[in-house]
Amino acid sequence: MPDLTRFSVATANLFNLQLPGRRMHRFSKPWTEEEFARKSTWLGLMLRELDADIVGVQELWHADALAEVLRRNGLEETYDLLATPADGTRIVCGALVRY
């Protein structure tokens, strides 16, 4: 049974997490699929290492990009993604909350 008297909080900078091929800043080149795959693997490892109940995230472009990171790392049943309005048009903050 989980300890319901305590919870852990962490923050993570996602360094411009955007879907592959989608634009970001004016002078940035879009992530390739290979770059996105490496970034996804690294982020998954960091989320497992943090093992936080709540993770505040910065530099998120698209909620689908973070959802894909969770999916690729088997964490989609671990965290609820709160990322409105991360629709890929601008950089925002969001959160992951453990179910």
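The structure we're discussing is the one just above.
These lines cover the structure that appears in this document, whether it is placed above or below. Quantities reported herein were computed from a predicted structural model and do not represent experimental measurements.

### A few points about the environment of Thr11
Here comes step 1: With respect to the helices, strands and loops of the structure, Thr11 is situated in strand E1 (residues 9-17).
Here comes step 2: With 31 residues separating them in the primary sequence, Thr11 and Trp42 have C-alpha atoms 15 Å apart.
Here comes step 3: When near neighbours in sequence (up to four residues on either side) are disregarded, Thr11 contacts Gly56 and Gln58.

### Some remarks on the sheet that holds strand E4 (residues 87-98)
Here comes step 1: If you walk across this open sheet you meet the four strands as E1-E2-E4-E3, and the pairing is mixed. Lying at the two open borders of the sheet, with one neighbouring strand each, are E1 and strand E3 (79-82). For this sheet the average axis-to-axis angle between neighbouring strands, irrespective of direction, equals 20°.
Here comes step 2: Across the sheet, helix H2 (residues 63-72) is in contact with E1, strand E2 (54-62), E3 and E4; its angle to E2 comes to roughly 125°.

### A closer look at the packing of aromatic side chains
Here comes step 1: All chains considered together, the criterion is met by one aromatic pair.
Here comes step 2: Here Phe15 and Trp31 contribute two aromatic rings whose centre-to-centre distance is 6.2 Å and whose plane-to-plane angle is 65°, an arrangement assigned as edge-to-face. Here Trp31 lies in the loop between E1 and helix H1 (33-50) and Phe15 lies in strand E1, a separation of 16 residues in the sequence.
Here comes step 3: Assessed through its relative accessible area of 51%, Phe15 is described here as exposed.
Here comes step 4: On the basis of relative accessible area, Trp31 is assigned to the buried category, the value being 16%.

How each quantity is defined
- Residues numbered from 1 in each chain as written.
- Predicted model: local features only at pLDDT ≥ 70, side-chain atom pairs only at ≥ 80, totals over all residues.
- Heavy atoms only, no water.
- Helix = DSSP H or I, 4+ residues; strand = E, 2+ residues; numbered from the N terminus.
- Contact = heavy atoms within 4.5 Å.
- Pairing = 2+ DSSP bridges.
- Axes fitted to C-alpha atoms, helices over the stretch in contact; angles between N-to-C directions.
- Phe/Tyr/Trp six-rings, centres within 6.5 Å; stacked < 30°, edge-to-face > 60°.
- Buried < 20%, exposed > 50% of the residue type's maximum accessible area, 1.4 Å probe, protein only.

Purely geometric numbers; function is a separate question.
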